[in-house]
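Results of the structural survey
Residue-level listing of the chains:
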Amino acid sequence: GENVEQHPSTLSVQEGDSAVIKCTYSDSASNYFPWYKQELGKGPQLIIDIRSNVGEKKDQRIAVTLNKTAKHFSLHITETQPEDSAVYFCAAILMNRDDKIIFGKGTRLHILP
Amino acid sequence: GAVVSQHPSWVICKSGTSVKIECRSLDFQATTMFWYRQFPKQSLMLMATSNEGSKATYEQGVEKDKFLINHASLTLSTLTVTSAHPEDSSFYICSAREPPYGANVLTFGAGSRLTVL
């Protein structure tokens, strides 16, 4: 089955700087890569996703890049703000309505004032 | 966007009692829902896939008699923790695949924190 590795487990960034979280996956057939943000005591929320036919996707301060050859994808947050502090999870999926979603172990992002 | 409602958001119970957690898709039909368990500072662990009108599919190591899942309608799945013990204390989160299903986008509930005394 798919195995997703996520790094780093914890990341502290000065407010205004950029943050990068990286994930690698094992199954080259995976073709959908979502990123979820989980705030304390809440359920995860989808913040951005990318499909395997695209190398990069951007939504305001958030971007995701995908390298299919190397089987890794990254989340980039620019101009970080205090509300970006949360746990971020990546996942790699083979799009199929019955497929399970296996998450990385998560990255706890702290935005320092 | 799609909304998944989970209830209760937190529950405290005595050891040996059973607790039911509901997961509802509010504005879409969900033939498949997923139940996750999350320990403090850890990732989401998939417990089972709940299928409307049929038996749930449990992940390896998850006791089906301990964690009863019922998906009786297209908008409701329930997780019952039977004879709960302190080690069952955890954050339980449900999710549903919103249409179009092939897009594989999951919407999560807000989670239910279970504390067993």
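That block above? That's the structure.
Description of the structure in this document. (Residues numbered from 1 in each chain as written. Chains lettered and ligands numbered in written order. Predicted model: local features only at pLDDT ≥ 70, side-chain atom pairs only at ≥ 80, totals over all residues. Heavy atoms only, no water.)

1. Observations regarding the sheet that holds strand β3 (residues 19–25) of chain A
Residue and element names in this part refer to chain A. The cut-off we apply is this: Any two strands with at least two DSSP bridges between them are considered paired. Here a helix means four or more residues in a row that DSSP labels H or I, a strand means two or more in a row labelled E, and each is numbered from the N terminus. Axes here refer to lines fitted to C-alpha atoms; in helices the fit is confined to the stretch in contact. Angles between the N-to-C directions go from 0 to 180 degrees.
Reading across the sheet, the five strands line up as β1-β3-β8-β7-β6 and stay open at both edges, with antiparallel pairing between neighbours. Of all strands in the sheet, those bounded by a partner on one side alone are β1 (4–7) and β6 (56–59). Adjacent strand axes in the sheet meet at a mean angle of 15°, parallel and antiparallel pairs treated alike. Relative to β3, β1 runs antiparallel, the two sharing four bridges. By the bridge assignment, Glu-5 is partnered in β3 with Thr-24.

2. Here we look at the state of the cysteines
Rules: Two cysteine sulfur atoms make up a disulfide if the distance between them is within 2.5 Å. Classification of residues uses two cut-offs on accessible area relative to the type maximum, computed with a 1.4 Å probe and protein chains only: under 20% is buried, over 50% is exposed, and between them is partly exposed.
Tallying each qualifying case throughout the model produces two disulfides over all chains. Across the disulfide from Cys-23 of chain A sits Cys-90 of chain A; the S-S distance is 1.9 Å. Taking the sign of the S-S torsion, -100° for the link of Cys-23 of chain A and Cys-90 of chain A, the bridge is left-handed. Within this pair, whereas Cys-23 of chain A is found in strand β3, its partner Cys-90 of chain A is found in strand β9 (residues 86–92), the two being separated by 67 residues in sequence. At a sulfur-sulfur separation of 2.0 Å, the disulfide partner of Cys-23 of chain B is Cys-94 of chain B. Where Cys-23 of chain B bonds to Cys-94 of chain B through sulfur, the torsion about that S-S bond is close to 80°, and the disulfide is right-handed. Of this pair, Cys-23 of chain B sits in strand β3 (residues 19–25) while Cys-94 of chain B sits in strand β9 (residues 90–97), placing them 71 residues apart in sequence. Each member of the pair, Cys-23 of chain B as well as Cys-94 of chain B, carries the same accessibility label: buried. A disulfide-free cysteine, Cys-13 of chain B has its sulfur positioned 18 Å from the sulfur of Cys-94 of chain B, the nearest such atom.

3. As for the packing of aromatic side chains
Under the convention used in this document: By convention, a stacked pair of Phe, Tyr or Trp rings (six-membered ring in the case of Trp) has centres within 6.5 Å and planes under 30 degrees apart, an edge-to-face pair has planes over 60 apart, and any other such pair is tilted.
Inspection of the entire model under this criterion finds 11 aromatic pairs over all chains. Ring geometry for Tyr-25 of chain A against Phe-33 of chain A: centres 4.8 Å apart, planes inclined by 45°, an arrangement best described as tilted. Accessibility assignment for this pair places Tyr-25 of chain A and Phe-33 of chain A in one class, buried. Ring centres 5.7 Å apart and planes at 50° place the aromatic pair Tyr-36 of chain B and Phe-108 of chain B in the tilted group. Separated by 72 residues along the polypeptide, Tyr-36 of chain B in strand β4 (residues 32–38) and Phe-108 of chain B in strand β10 (residues 106–108) bring together distant segments of the chain. By relative accessible area, Phe-108 of chain B is classed as buried at 8%.

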